[in-house]
Amino acid sequence: MIRLLIFAIPLFFIYLFINEYLKQKKAAEENWNNQWEEKKKNFQKEKEIVAKEKEILKLKQKLKEGEQLKKPNSSDFSNN
């Protein structure tokens, strides 16, 4: 009986340790996968934002060019 307890108690603790280790490992993998998915989403959003910013800059440039064409040049009046 004592021999059984001598072997059973350490085996029980080893089982608990391994079980907890596997739980922690699974949780860490899930956490890493969630973080990776979040980073991919953020990267896609950042790419979209950069593309939209470029488009906005192009539109601003077109607007500036349009305003410059509408304004009369002061050099036309100085030739009188």
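See the structure printed just above.
Residues numbered from 1 in each chain as written. Predicted model: local features only at pLDDT ≥ 70, side-chain atom pairs only at ≥ 80, totals over all residues. Heavy atoms only, no water.

Let's shift gears to the overall build of the chain. Counting its secondary structure elements, the chain contains 2 helices and 0 strands. Taken over 80 residues, the chain has a buried fraction of 0%. Only carbon and sulfur atoms are counted for the fraction: they give 61% of the accessible area of the chain, which is about 8500 Å². (Helix = DSSP H or I, 4+ residues; strand = E, 2+ residues; numbered from the N terminus. Buried < 20%, exposed > 50% of the residue type's maximum accessible area, 1.4 Å probe, protein only. Areas by Shrake-Rupley, 256 points an atom, 1.4 Å probe, with all protein chains shown as cover.)

Moving on: the packing of aromatic side chains. Each aromatic ring pair is specified by the distance between its two centres and by the angle formed by the two planes. Taken as a whole and assessed by the stated rule, the structure comprises 2 aromatic pairs. Aromatic pair W32 and W36: ring centres 5.8 Å apart, planes at 0°, arrangement stacked. Of this pair, W32 and W36 are both found in helix α1 (residues 2-70), 4 residues apart, which corresponds to roughly one turn of the helix. (Phe/Tyr/Trp six-rings, centres within 6.5 Å; stacked < 30°, edge-to-face > 60°.)

It is possible for side chains bearing opposite charge to pair when their charged atoms get close. Under the counting rule described, the total for this entry stands at 1 salt bridge. Notably, a salt bridge pairs E37 with K40, separated by 3.3 Å at the nearest N-O pair. With E37 and K40 both in helix α1, this residue pair falls 3 residues apart, about one helical turn. Judged by its relative accessible area of 39%, E37 is partly exposed. For K40, a relative accessible area of 39% gives the class partly exposed. (Salt bridge = Lys/Arg side-chain N within 4 Å of Asp/Glu carboxyl O.)

Take a nonpolar patch on the surface next. Together, I2, I6, F7, L11, I14, F17, I18, Y21 and L22 make up a nonpolar patch on the protein surface, roughly 1000 Å² of accessible area in all. Assignment of secondary structure puts L11 in helix α1. For L11, a relative accessible area of 57% gives the class exposed. (Patch = residues over 30% accessible without salt bridge, like charges linked within 9 Å, V, L, I, M, F, W, Y side chains within 5 Å.)

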